[in-house]
Amino acid sequence: MLRLVYAGTPEFAVPALDALARTHAVVAVYTQPDRPAGRGRALAQSPVKQRALELGLPVEQPPTLKTPDAAARLAAYAPDAMVVAAYGLLLPQAVLDVPRLGCINIHASTLPRWRGAAPIQRAILAGDATTGVCIMRMEAGLDTGPVYRQESLGIGARETAGGLHDRLAALGARLIVDALAALEAGTARAAPQPADGVTYAHKLDKREATIDWRRPAAEIERAVRAFVPWPIAETRLAGEQLRVHEAIVREGAPGDLPAPGTIVAAGGDGIDVATGDGVLRLLRVQLAGRKPVTAREFLNAGGRSASLVGARLGGEPAP
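Residues numbered from 1 in each chain as written. Predicted model: local features only at pLDDT ≥ 70, side-chain atom pairs only at ≥ 80, totals over all residues. Heavy atoms only, no water.

Asks: Looking at this model, I keep getting lost on helix 2 (residues 47-54). Mind explaining?
Replies: Working note: α-helix, 3.6 residues per turn, so residues spaced by three or four point in the same direction. Along helix 2, the residues classified as buried are Val-48, Lys-49 and Ala-52. In an axial view of helix 2, the angular spread of the buried residues amounts to 100 degrees, which keeps them on one side of the axis. In the core, the buried residues of helix 2 are packed alongside strand 1 (3-8), helix 1 (14-23), strand 2 (25-30) and strand 5 (59-60). (Buried < 20%, exposed > 50% of the residue type's maximum accessible area, 1.4 Å probe, protein only. Helix = DSSP H or I, 4+ residues; strand = E, 2+ residues; numbered from the N terminus. Arc of directions from axis to C-beta. Contact = heavy atoms within 4.5 Å.)

Okay, structure coming up:
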């Protein structure tokens, strides 16, 4: 049984914490400081902190790990290894050097593809057929270290970032237990990442959620899936925010279409919108301040079916 320090912040990191708490001695959990959240801006604990407290584990929340005191505090726990999953803080070399077996990262992609902050969403946006999880020994570079374990899985044709997130989190929990067993036994071998195929998964920006109807329908459909559960793709309808939670590319759409963003049909099957290439059918939408509803419910609520055809979606979101 290894002495572990665990570092993570969002929901993605919770399954691995649970798995390690069952199989090893987790002597401390590091997570980001409590942040204001919600309309009231009250301080909220991270999902990892909430779970750590439920498990009765010590919690550390330093604002940075770049100070000598931070490294000394970590060293006081005498960890065999530090496991990191979506922690959100940079680990300087002084911290990487503390655990005798090093710092081990759970990363939600098949490296070297999608190094960085948002690998799940970027894989969907790019139309990747597969993704996966890597268990990697951390170095000073961004997700550049050698890989102990890697396993791929397919991305479903209708899968959202939220659904893929949950599958990858469960996979990461299983792989980290396997990798640590090999490390403890002295049989672990880390393979260097290939030099070719490096891509970077830059952090999501809420501005990316605004739909550009000039883009092909297939690209917009991937963006809708990639932005569930956050930030949710959006457009404007008669100057009002309209968020799109689910959409599909309409097969067999006519080639002669009006300007991108024009609603060409609206009925029980969905709301069809012309794009730069093809037609996107909106299946689940949400007006500002309302709950998400099916396209049928949206149309029935205001008798909108006839009036929407010919209307143009688009425009900048409200500040």
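Asks: Just checking my understanding: could you explain the nonpolar core for this structure?
Replies: Where a protein is soluble and globular, its nonpolar side chains tend to be buried together. Formed by 74 residues in total, the largest nonpolar core has its most connected members in Tyr-6, Ile-106, Ile-176, Ile-271, Leu-282 and Phe-298. Of the residues forming this core, the biggest block, twelve residues, is contributed by helix 6 (residues 161-185). By size, the runner-up hydrophobic cluster in this structure holds 18 residues, among which are Val-5, Ala-28, Ala-70 and Leu-74. (Core = buried A, V, L, I, M, F, W, Y, C linked by side-chain atoms within 4.5 Å.)

Asks: How should the packing of helix 1 against helix 6 be read in this particular structure?
Replies: Between two packed helices, the angle of one axis relative to the other and the distance separating the axes together describe the packing. Here helix 1 crosses helix 6 at 35 degrees, and the two axes come no closer than 8 Å. Judged by the sense of rotation from one axis to the other, the crossing of helix 1 with helix 6 is right-handed. Contact residues: helix 1 offers Pro-15, Ala-16, Ala-19, Leu-20 and Thr-23, while helix 6 offers Ala-169, Ala-173, Ile-176, Val-177 and Leu-180. A class-by-class count of the residues in the contact of helix 1 with helix 6 yields nine nonpolar, one polar and no charged. (Axes fitted to C-alpha atoms, helices over the stretch in contact; angles between N-to-C directions. Left-handed = near helix turned anticlockwise from the far one by under 90°. Nonpolar A, V, L, I, M, F, W, Y, C, P; charged D, E, K, R; others polar.)

Asks: Help me understand the pattern of salt bridges in this model?
Replies: Pairing between side chains becomes possible if they bear opposite charge and their charged atoms approach one another. In total, this model carries 17 salt bridges according to the counting rule given. With a shortest N-O distance of 2.9 Å, Arg-167 and Glu-159 are connected by a salt bridge. Residue Glu-159 is classed as buried on the basis of its relative accessible area of 13%. A salt bridge links Asp-212 to Arg-214; the nearest nitrogen and oxygen atoms lie 2.9 Å apart. Using a relative accessible area of 27% as the deciding quantity, one classes Asp-212 as partly exposed. Within the structure, one salt-bridge network assembled from shared partners comprises Asp-18, Arg-51 and Glu-54. (Salt bridge = Lys/Arg side-chain N within 4 Å of Asp/Glu carboxyl O.)

Asks: Whenever I open this one, the sheet that holds strand 7 (residues 103-107) confuses me. Can you help?
Replies: Sheet strands pair via backbone hydrogen bonds, and the direction of the pair is either parallel or antiparallel. One open sheet holds the seven strands; their spatial order is 5-2-1-6-7-9-10, and the pairing between them is mixed. Edge positions in the sheet fall to strand 5 and strand 10 (147-154), since each of these pairs with one other strand and no more. (Pairing = 2+ DSSP bridges.)

Asks: Would you take a moment to explain helix 3 (residues 68-76) for this structure?
Replies: Those residues of helix 3 that sit buried are Ala-70, Ala-71 and Leu-74. Seen end-on, helix 3 carries its buried residues on one side only, within an arc spanning 95 degrees. Residues of helix 3 that are exposed and point over 90 degrees away from its buried face: Pro-68, Asp-69 and Ala-76. As for helix 3, its buried residues are in contact with strand 1, strand 2, strand 6 (81-85) and helix 4 (93-96). Following helix 3 by one or two positions, Ala-78 adopts a phi angle in the positive range, close to 50 degrees.

Asks: Help me understand the packing of helix 1 against helix 2, please; the structure alone is not making it clear to me.
Replies: At a closest axis distance of 9 Å, the pairing of helix 1 and helix 2 adopts a crossing angle of 25 degrees. In terms of their interaxial angle, helix 1 and helix 2 are classed as roughly parallel. Helix-helix and strand crossings are classified by hand; for helix 1 and helix 2 the assignment is right-handed. Residues Val-14, Leu-17 and Asp-18 of helix 1 touch helix 2, and the partners they reach there are Pro-47, Val-48, Arg-51 and Ala-52. Across the contact of helix 1 with helix 2, the residue classes tally to five nonpolar, no polar and two charged. (Parallel < 35°, antiparallel > 145°, perpendicular 65-115°, else oblique.)

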